[in-house]
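Per-entry structural report
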Amino acid sequence: QVQLVESGGGLVQTGGSLRLSCADSGRTLSNYAMGWFRQAPGKEREFVAAISRRGGSTYYGDAVKGRFTISRDNAKNTVYLQMNSLKPEDTAVYYCAARIGSSNTAYYTAYDYWGQGTQVTVSS
């Protein structure tokens, strides 16, 4: 049973930065491709970033490309989302997800496990 826990969310001003972390305390995540999604009130769940099992392939949603970076450290069993140049439009609950397999994907239906989310609020 994979149990993902996100951390690092909070309140930040426009233009600031945050780094989110996603970890599993027990099982290794090295066999899972990982993704980040976000959802704001009244909006659909949105793809943010994804990374392959080994970390060799990444891609991003159009809204965050060039500002966010996904990475992973399998030795630490942790996946990160570095968020720079934050905008009020980035305000949302951010979810970490794990997918059985090696490839990355933007489709949330392909993911098998989800964390409970961490709130990111960007003030203007």
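Here's a quick rundown of the structure. As the structure is a prediction and not an experimental result, all values here were calculated from the model.

1. Here's the deal with the state of the cysteines
Evaluated as defined, the whole model comprises one disulfide. Put simply, Cys22 and Cys96 are joined by a disulfide, and their sulfur atoms are 1.9 Å apart. Looking down the S-S bond of the Cys22 and Cys96 bridge, the torsion is -75°, so its handedness is left-handed. Here the residue Cys22 occupies a position in strand β3 (residues 18–24), and Cys96 occupies one in strand β9 (residues 92–100), the gap between them amounting to 74 residues. Classification of Cys96 by relative accessible area gives buried; the value is 1%.

2. Some remarks on the nonpolar core
Judged by nonpolar contacts, the single largest core of 28 residues is most densely connected at Met34, Trp36, Leu81, Met83 and Tyr94. Elements that contribute at least two residues to this core include exactly β3, β4 (32–39), β5 (46–51), β7 (68–73), β8 (78–83), β9 and β11 (118–123). When residues of this core are assigned to their parent elements, the largest contribution, four residues, is made by β9. Grouped together as the second largest cluster of nonpolar side chains are five residues, Phe47, Ala50, Ala97 and Tyr111 included.

3. Points about the pattern of salt bridges
For the structure shown, the criterion picks out three salt bridges. Among the ionic pairs, Arg38 bridges to Glu46, the shortest N-O distance being 2.8 Å. The residue Arg38 makes a salt bridge to Asp90 at a minimum N-O spacing of 2.9 Å. One end of the pair, Arg38, is in strand β4; the other, Asp90, is in the loop between β8 and β9, with 52 residues separating them in the sequence.

Rules and cut-offs
- Residues numbered from 1 in each chain as written.
- Predicted model: local features only at pLDDT ≥ 70, side-chain atom pairs only at ≥ 80, totals over all residues.
- Heavy atoms only, no water.
- Disulfide = S-S within 2.5 Å.
- Helix = DSSP H or I, 4+ residues; strand = E, 2+ residues; numbered from the N terminus.
- Buried < 20%, exposed > 50% of the residue type's maximum accessible area, 1.4 Å probe, protein only.
- Core = buried A, V, L, I, M, F, W, Y, C linked by side-chain atoms within 4.5 Å.
- Salt bridge = Lys/Arg side-chain N within 4 Å of Asp/Glu carboxyl O.

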